[in-house]
Protein chains: 2
Amino acid sequence: MAEDGARDGAGLPLVEAIREAIIRGDFVPNQRLVEADLSTQFAASRASVRSALLELTNEGLVERIQHRGARVRAVSLAEAIEISEVRMVLEGLCAAKAAECVTGEEVLEFQSLGASMRKAVADGDLLGYSSLNQQLHRRVREIGGQQTASRVLERLRGQNVRHQFRLAMQPGRPSVSLPEHLAIIDGICAHDPEAAERAARAHLRSVIVALQEVDRTGPPPRGA
Amino acid sequence: MAEDGARDGAGLPLVEAIREAIIRGDFVPNQRLVEADLSTQFAASRASVRSALLELTNEGLVERIQHRGARVRAVSLAEAIEISEVRMVLEGLCAAKAAECVTGEEVLEFQSLGASMRKAVADGDLLGYSSLNQQLHRRVREIGGQQTASRVLERLRGQNVRHQFRLAMQPGRPSVSLPEHLAIIDGICAHDPEAAERAARAHLRSVIVALQEVDRTGPPPRGA
DNA sequence: CACACCGATATTGTCAACAATATTGTGCAG
DNA sequence: CTGCACAATATTGTTGACAATATCGGTGTG
């Protein structure tokens, strides 16, 4: 509460403002999202808020029950694993397609990206590595050219960004994921769709295992 | 036009009514969906129509442009192929998971379903086969228990139901798809996730080839 | 003391009217 | 005859108020 929603003004289209607020963590899971409150906080009409909540519901970020309002959806560990399984096969698909149609220039770009990731891990730059990580996944999607898969992946990303964040902060995690990422890059640069898909799937499988691990060690940062 | 939208009354929640109308083909691709018209046709307020269109937009069934209204989204062949590629990996995932956790009772159900499909093809019952087809895919999703994948698949289904329909009506198509379906069933019943996934992917790959074929022979039934 | 009933409150869902915007048709100049 | 400015129209986007519904607190009774 107490946020006066200064940042939106008329710049971003409200739905993005709320989405960012949820992803950033301004709204915690299970927090109620009352239409009237949001309309004042974001200086928008209730109808706009309503339509934004509709959109975010379909994106899986908020949950609505008839006559009972909207709340920030709390994705359980089981759901996070499901999402990662879907990501596994979809990113595998994108990696395979990227390996097929990658250009020479893009190969160089990927290799440079790989080098940067290596360096970030060596330097212990967690934040930089996380950013490069996202960049890699995004580029694979873009180059794969599978817009349908990209849209789905983009939506899923928002849903377990919280779990993803916990993973990235896990000590020792980068040294595990780095070789997996490099394998994806290698497969794509070698124009080997099957290798790229295998590598992408292996990476996500590893993410799933890590999710289960991190849950066993330290339960949720903020209990529901 | 000229439909007075008799069927909805107060039974189904409007959004489903419009969705069914689009899927059924009452509204053809690229047809404009004017809010005022729909509100009279379906005897609902414009606000309700508006929110329904919002929802359907997020489902990918309609397309909206700022201040220019909504139209039924026409999915191109390229998009249909993309969708089928996504289906390929997701149904592969579901089939694999189904193979892992299928019960003895469900094995019998699948085998019975396979027998029915065989019979329908032998009898030349296109409609019955199409129905069994959908039932098979649905059961695989349900038993796989991957709700995230299921939701995505369900949404994608609505988008290329038109292309799917054209395929089903293609002469000779059932004899091609039947063994593919049976292979999926066999893989699941054998509790062999890899075989089930391979079979599911092979099936969808065949669907993609068939989509390209049917486009080459007979372009769209109703040009955009 | 526990439990069902009932009214008060908060919140969503719906509606009708108004403003903003894009499209279309018309008239005029070149 | 063609191209452009401009008004008329059609349609969406927004606002505010109203009705429907669920939740919460109190009250009475077994």
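Residues numbered from 1 in each chain as written. Chains lettered and ligands numbered in written order. Predicted model: local features only at pLDDT ≥ 70, side-chain atom pairs only at ≥ 80, totals over all residues. Heavy atoms only, no water.

Participant: So what's going on with the overall build of chain A? Which residues, and what values?
Facilitator: Scanning chain A from N- to C-terminus turns up ten helices and three strands. Its helices and strands in sequence order give chain A the pattern α-β-α-α-β-β-α-α-α-α-α-α-α, from N to C terminus. A compact globule built from 224 residues would reach a C-alpha radius of gyration of about 17 Å, and chain A, at 19 Å, matches this within 12%. With respect to the principal axes defined by its C-alpha atoms, chain A has extents near 55 × 40 × 30 Å. Taken across its 224 residues, chain A has 48% of its residues classed as buried. Of the contacts made within chain A by residues no fewer than 6 positions apart, 74% connect residues no fewer than 24 positions apart. When the accessible surface of chain A is summed, it comes to about 11000 Å², and 53% of that surface belongs to carbon and sulfur atoms. Of the charged side chains in chain A, 28 are positive and 30 negative; the average position of the first set lies 5 Å away from that of the second. (Helix = DSSP H or I, 4+ residues; strand = E, 2+ residues; numbered from the N terminus. Rg over C-alpha atoms; globule rule 2.2 N^0.38 Å. Buried < 20%, exposed > 50% of the residue type's maximum accessible area, 1.4 Å probe, protein only. Contact = heavy atoms within 4.5 Å. Areas by Shrake-Rupley, 256 points an atom, 1.4 Å probe, with all protein chains shown as cover. Lys, Arg positive; Asp, Glu negative; His and termini not counted. Charge placed at Lys NZ, Arg CZ, Asp CG, Glu CD.)

Participant: Report on the protein's contact with DNA strand D, specifying residues and quantitative values.
Facilitator: As a structural note, the neighbourhood of DNA strand D is formed by 15 residues, with S45(A), R68(A), R46(B), R50(B) and R64(B) the closest of them. For DNA strand D, the fraction of atoms within 4 Å of the protein that belong to sugar or phosphate moieties is 71%. Measuring from a phosphate oxygen of DNA strand D, one finds a side-chain N or O atom of R64(B) at 2.6 Å. Between DNA strand D and H67(B), the relevant distance is 3.4 Å, taken from a phosphate oxygen to a main-chain nitrogen or oxygen of the residue. (Near = heavy atom within 4 Å. Polar contact = N/O pair within 3.5 Å; in protein donor to acceptor, adjacent residues only side chain to side chain.)

Participant: Quick one: what's the story with the relation of the copies chain B and chain A, residue by residue and with numbers?
Facilitator: Superposition of chain B onto chain A requires a rotation of 180° combined with a translation of 0.2 Å along the rotation axis, giving an RMSD of 0.2 Å. Considering both components of the superposition, the chain copies are consistent with a two-fold axis. For chain B, the minimum C-alpha distance to the rotation axis belongs to V89(B) and amounts to 2.8 Å. A shared binding surface is used by both copies, with 100% of the interface residues of chain B retained as interface residues in chain A. (Least-squares fit on C-alpha atoms with pLDDT ≥ 70 in both.)

Participant: Residues and numbers for helix α9 (residues 173-189) of chain A, please.
Facilitator: Residue and element names in this part refer to chain A. An ideal rise of 1.5 Å per residue puts 24 Å on 17 residues; α9 measures up with 24 Å between its terminal C-alpha atoms. Extensive coverage of α9 is indicated by the burial of twelve of its 17 residues. What α9 keeps buried is the set R173, P174, S177, L178, E180, H181, L182, I184, I185, G187, I188 and C189. At the C-terminal side of α9, H191 shows a positive phi close to 55°. (Expected span 1.5 Å × (residues − 1).)

Participant: Please provide a residue-by-residue account of the nonpolar core, values included.
Facilitator: Membership of the largest hydrophobic core comes to 86 residues, with the highest contact counts inside it found for L90(A), F110(A), I188(A), L90(B), F110(B) and I188(B). Setting aside residues up to four positions removed in sequence, I188(A) forms contacts with A95(A), A98(A), A99(A), V102(A), F110(A), V140(A) and A196(A). (Core = buried A, V, L, I, M, F, W, Y, C linked by side-chain atoms within 4.5 Å.)

Participant: Before we move on, could you go through the pairing of strand β2 (residues 62-65) of chain A and cite the residues and values that matter?
Facilitator: Residue and element names in this part refer to chain A. Pairing of β2 with strand β3 (residues 69-72) involves four bridges; the strand directions are antiparallel. The residue bridging E63 from the neighbouring strand is R71, located in β3. The turn joining β2 and β3, which pair antiparallel and follow one another in sequence, is formed by three residues; a positive phi near 60° is taken by H67. (Pairing = 2+ DSSP bridges.)

Participant: Just give me the short version of the domain arrangement of chain A, but keep the residues and values in it.
Facilitator: All names here are of chain A. As assigned here, chain A comprises domain 1 (15-72) and domain 2 (77-217). Computed over C-alpha atoms only, the centres of domain 1 and domain 2 are separated by 29 Å. Carbon and sulfur atoms make up 60% of the surface buried where domain 1 meets domain 2, a total of about 510 Å² over both sides. Remark: the boundary between domain 1 and domain 2 carries zero salt bridges. Taken together, domain 1 and domain 2 are joined by one residue pair in polar contact (both at pLDDT 80 or more). (Domains from an automatic or database assignment. Buried area = accessible area lost by both parts, 1.4 Å probe. Salt bridge = Lys/Arg side-chain N within 4 Å of Asp/Glu carboxyl O.)

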